[in-house]
Amino acid sequence: MAIIKVAVIGCGFYAQNHLHAWKDLAKKGAVLVAVCDLDSEKAKACGNKFDAAWYTDARAMLSSEEIHLVDIVTQMDSHQSLAALAADYGVGAIIQKPLAPNLEVAAEIAKYAKSGGSWLAVHENFRFGTSMMRIKEKLEANVIGNPRWARISFRTNYDVYAGQPYLKTVPRLVILDLGIHLLDLARFFLGEVDHVHCETQQLRDGIKGEDTATVLLKHKTGSVSVVDVSYESKRVPDTFPETLLEIEGSKGSITLSKDQMMTINRGAVVEERFVGSDILPWTSIPWHVSQEAVLNANEHFLDCFKRGANPQTSVSDNLKTFALVEAAYEAATTGRVVRPKYS
Ligand code: NAD
Ligand code: 89V
């Protein structure tokens, strides 16, 4: 079995899930050799907890350790410099979403990696959630015929700001942080997008960006989808961090409802079952849905890296999702329909 030596850069809130995932993937040849964080306390704590060397400087880590693949789990403003560092050291890289603060920088990251022949993936994990992969299998099996309309929805009042306080201060919030996931799912399920409409709202006091967005997409196949996201949706029960789906096709429909229950209708209910994920030793409700998506995504990235293959969410693929993010913001600002830059 090929051994892939992995280092994680960023030891903050979400990186704990990446670290657990890499330890689980030891059975697939991943060896977590080092962790790095500017904050020495965080770096030391994760190094000790996950039995890895720890550093406070990524360059020092890459100079000192034999590393094949870095997993960058820092916030978006540091992604370009860290991606360039990995490329300069000839090291593959996985970069957490958002790839960059905007599409222009994201494209620069892609160009620099391509110029050096570097392997690069974006850790966009919603499509790797177990329930999402089951739904995709049903669509690929033509169970409901050609998808023609969909609603992809993530509405919550869960206190996302507790674990990610920076979300209160970012000027572009819910589309760039959450909508980016669901726009990727819209592409994943219904294909590339021709044009976008969007309305945003800021419903919560004390935040800088928008916390609610409703995006209307016209796909190149002629299908239509609605992506709706909100961090200020006061509902009971709160389905965080589940994405709810309704997909209508030429022969029937698929829904993914609360508690990851999939229902397939073809004139009558023909299948209804739980399609979610098991609780793992290191996952816990309510984050378990997101946490197992990290494991599935990292397993995919590890497999692709070993084979020198492009991952599903390669940086070039993710530019198409990021282009939808920018189109949604432009549509909301101008009140006009916008065609995405890449599709
Ligand atoms: P965080 O601020 O809690 O952690 C980031 C860490 O990176 C910090 O500890 C910081 O010190 C460190 N860091 C920053 N620059 C560095 C550098 N140059 N070298 C070494 N360390 C550096 O952030 P977070 O909430 O864990 O989010 C990290 C990323 O994960 C964000 O892009 C966020 O959008 C993403 N995220 C993704 C999901 C998901 O995949 N579903 C969920 C939550 C967060
Ligand atoms: O998954 C994410 O990117 C997190 C969320 C709060 C949406 O789970 O920011």
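Residues numbered from 1 in each chain as written. Chains lettered and ligands numbered in written order. Predicted model: local features only at pLDDT ≥ 70, side-chain atom pairs only at ≥ 80, totals over all residues. Heavy atoms only, no water.

Enquirer: How would you explain the site of ligand 2 if you had to name every residue and give the values?
Expert: Near ligand 2 you find Lys 97, Phe 126, Val 160, Gln 164, Asp 177, Leu 178, His 181, Tyr 231 and Trp 287, and these make up its full shell. Gln 164 has a polar side-chain atom sitting 3.3 Å from an oxygen atom of ligand 2. Between ligand 2 and His 181 there is a distance of 2.8 Å, counted from an oxygen atom to a side-chain nitrogen or oxygen. Contact with the protein chains covers 93% of the free accessible surface of ligand 2, which is 270 Å². (Near = heavy atom within 4 Å. Polar contact = N/O pair within 3.5 Å; in protein donor to acceptor, adjacent residues only side chain to side chain. Areas by Shrake-Rupley, 256 points an atom, 1.4 Å probe, with all protein chains shown as cover.)

Enquirer: Explain the sheet that holds strand E12 (residues 253-257) residue by residue, including any values.
Expert: The sheet built from eight strands is open, its strands ordered E8-E9-E10-E7-E11-E12-E13-E14 with mixed pairing. The sheet is open, and its two borders are formed by strand E8 (193-201) and strand E14 (269-274), each paired with just one other strand. Mean inter-strand twist for the sheet, computed between neighbouring axes without regard to direction, equals 10°. One ladder, built from five bridges, connects strand E13 (residues 261-265) with E14; its direction is antiparallel. Opposite Asn 265, over in E14, you have Val 269 as the bridge partner. Where helix H8 (residues 174-190) meets the sheet, it contacts strand E7 (147-155), E8, strand E9 (212-219), strand E10 (224-230) and strand E11 (244-249), and its direction lies at approximately 155° from that of E10. Running over the sheet, helix H10 (residues 315-334) touches E8 and E9 and is turned about 55° from E8. (Pairing = 2+ DSSP bridges. Helix = DSSP H or I, 4+ residues; strand = E, 2+ residues; numbered from the N terminus. Axes fitted to C-alpha atoms, helices over the stretch in contact; angles between N-to-C directions. Contact = heavy atoms within 4.5 Å.)

Enquirer: Break down the site of ligand 1 for me, with residues and values.
Expert: Residues in close proximity to ligand 1 total 25 residues, the closest being Tyr 14, Asp 37, Lys 42, Lys 97 and Tyr 166. Phe 13 places a polar main-chain atom, nitrogen or oxygen, 3.0 Å from an oxygen atom of ligand 1. In the environment of ligand 1, an oxygen atom lies 3.3 Å from a nitrogen or oxygen atom belonging to the backbone of Thr 74. Starting from 860 Å² of accessible surface for ligand 1 in isolation, the protein chains cover 87%. The cavity where ligand 1 resides is the largest pocket. Here the shell around ligand 1 is built from residues that sort into 10 nonpolar, 11 polar and four charged. (1 Å grid on protein atoms, 1.4 Å probe; cavity = no way out; pocket = protein on both sides within 12 Å on 5 of 7 lines; lining within 4 Å. Sits in = over half its atoms within 2 Å of the grid points. Nonpolar A, V, L, I, M, F, W, Y, C, P; charged D, E, K, R; others polar.)

Enquirer: Talk me through helix H6 (residues 130-140); I want residue IDs and the actual numbers.
Expert: Along H6, the positions that sit buried rather than exposed are Thr 130, Ser 131, Met 132, Ile 135, Lys 136, Lys 138 and Leu 139. Once H6 finishes, Asn 142 follows within two positions and takes phi at roughly 60°, a positive value. (Buried < 20%, exposed > 50% of the residue type's maximum accessible area, 1.4 Å probe, protein only.)

Enquirer: Can you tell me about the pattern of salt bridges, naming the residues and giving the values?
Expert: Tallied over the entire structure, the rule returns 19 salt bridges. Arg 127 serves as the salt-bridge partner of Asp 317, at 3.8 Å between the closest nitrogen and oxygen. Here the residue Asp 317 occupies a position in helix H10, and Arg 127 occupies one in the loop between strand E6 (120-123) and H6, the gap between them amounting to 190 residues. The buried category is assigned to Asp 317, whose relative accessible area is 15%. Overall, Arg 127 belongs to the buried group, its relative accessible area being 6%. Salt bridges sharing common partners tie together Arg 127, Asp 184, Arg 187, Glu 192 and Asp 317. (Salt bridge = Lys/Arg side-chain N within 4 Å of Asp/Glu carboxyl O.)

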